[in-house]
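Listed here are the chains, written in short residue letters.
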Amino acid sequence: MPNLTTVIIGGSGAMGSAIAQHIAAAGHDVILIGRDQGRLNDAHQRTGATQTIAADFGDASEAKRVLDELGVIDHLVVATSAGPVRASSIPATVPSEFQRAHGRLWTSFNAVHFAPDHVRPGGSVTLISGSSGRRPGIGFGVWTSLHGSIEALARAATIELAPIRVNVVSPGGIGMQPDRQLIERRGTGDDIGLAVASLIANPAITGAVLDVDSGERLGTWPT
Ligand SMILES: NC(=O)c1ccc[n+]([C@@H]2O[C@H](COP(=O)([O-])OP(=O)(O)OC[C@H]3O[C@@H](n4cnc5c(N)ncnc54)[C@H](OP(=O)(O)O)[C@@H]3O)[C@@H](O)[C@H]2O)c1
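**Describing the pattern of salt bridges**
This model, assessed by the stated rule, comprises 12 salt bridges. Notably, a salt bridge pairs Asp74 with Arg120, separated by 2.5 Å at the nearest N-O pair. Of this pair, Asp74 sits in strand β4 (residues 73–78) while Arg120 is found in strand β5 (residues 119–128), placing the two residues 46 residues apart along the sequence. Given the relative accessible area of 11%, Asp74 is considered buried. On the accessibility criterion, Arg120 (28% relative accessible area) is partly exposed. One salt bridge in this structure joins Asp191 and Arg185, with 2.8 Å as the shortest N-O distance. Salt bridges sharing partners connect three or more residues here, namely Arg134, Glu151, Asp211, Asp213 and Arg217.

**Things to note about the packing of helix α1 (residues 14–25) against helix α2 (residues 37–47)**
Interaxial distance between α1 and α2 falls to 9 Å at its minimum, and their mutual angle equals 35 degrees. The element α1 and its partner α2 pack so that their crossing is right-handed. Two secondary-structure elements touch here, α1 through Ser17, Ala20, Gln21 and Ala24 and α2 through Ala43, Arg46 and Thr47. In terms of residue class, the contact of α1 with α2 is built from three nonpolar, three polar and one charged.

**Some thoughts on the nonpolar core**
Ranked by internal contacts, the top residues of the largest apolar core, which has 34 residues, are Leu76, Val125 and Leu127. Looking at this core, the elements with two or more residues in it are β1 (5–9), β2 (29–34), α3 (60–70), β4, α5 (103–118), β5, α6 (141–161) and β6 (165–171). Tallying contributions element by element places α6 first for this core, with eight residues. Core analysis: the next-biggest nonpolar cluster, separate from the first, contains 21 residues, Ile8, Ala20, Leu32 and Ala79 among them.

How each quantity is defined
Residue numbers run consecutively from 1 along every chain, following the written order of its sequence. This being a predicted model, a pLDDT of at least 70 is required before a residue's local features are given, and a value of 80 or more before pairs of side-chain atoms are given or counted; all residues contribute to the totals for chains, interfaces and linings. No hydrogens and no water enter the side-chain calculation; it runs on all heavy atoms of the structure. In the sections that follow, a salt bridge refers to a side-chain nitrogen of Lys or Arg positioned within 4 Å of a carboxyl oxygen of Asp or Glu. A helix here means a DSSP run of H or I that spans at least four residues, while a strand means a run of E at least two residues long, and both kinds are numbered starting from the N terminus. Only protein chains enter the accessibility calculation, which uses a 1.4 Å probe. A residue is then buried if its area is under 20% of the maximum for its type, exposed if over 50%, and partly exposed in between. As a rule, the C-alpha atoms of each element are fitted with a line to give its axis, helices using only the stretch in contact, and angles between N-to-C directions run from 0 to 180 degrees. Handedness of a crossing follows from how the near helix is turned relative to the far one, being left-handed for an anticlockwise turn of less than a right angle and right-handed for a clockwise one. A contact between two residues is defined here by any heavy atoms of the two lying within 4.5 Å. Gly falls in the polar group here, along with every residue not listed as nonpolar (Ala, Val, Leu, Ile, Met, Phe, Trp, Tyr, Cys, Pro) or charged (Asp, Glu, Lys, Arg). Put simply, buried Ala, Val, Leu, Ile, Met, Phe, Trp, Tyr and Cys residues joined by side-chain atoms within 4.5 Å make one nonpolar core.

Structure (structure tokens):
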């Protein structure tokens, strides 16, 4: 039987490459997508991925071109980032910064938009949100908007794309010194990789949001 094929958008990033390692270890053919070929080459060596493709998945025509080249796949994961975005409140946020931060919404949209033609029934799309999506904190309005939007997009896509499964992993505190979490742990990309791999592997899970945040969404946020 041929290996399962999993495509990871943002597969050259910190979380994306940790996800890739877990999925490759489970025996999948893993394809990494990112814009910078140098970064992809590094990740290719580290992760056991089978292939890399340089493309801007925030651009709908590029996303379509890449998926058309790949044909039918088993799983699609979106682990992109809009680069450093300053945490700030809605009133204090420069509008162009707000727009740029939501770049991750566009890569997520393109994934669920094109999935029906490219992900097999019973396969999956996994998006990454963040703990602020359901737990606003003063000064984190941009992130609450972005992460809440990604989770709402996934809820809508879950019923519209079935029998393709749609799930979300919601990270919090990854790489951070614990301050507002319930568990004294500096989260790692590996924690996220484990969660994504388990959602992909379980054929009964769709419409789930799996919190991998050391309890950050329930902890006490600084004001
Ligand atoms: N740390 C936390 O606790 C936490 C909590 C919630 C959410 N998050 C979010 O999780 C996301 C992933 O984090 P990370 O640390 O893995 O980020 P990262 O290391 O910056 O990786 C981002 C990846 O996305 C790729 N990418 C960005 N835009 C793209 C596009 N338009 N098309 C294709 N690939 C694109 C990047 O490669 P190229 O730049 O070469 O394209 C890179 O592979 C971030 O948005 C972060 O804010 C983090």
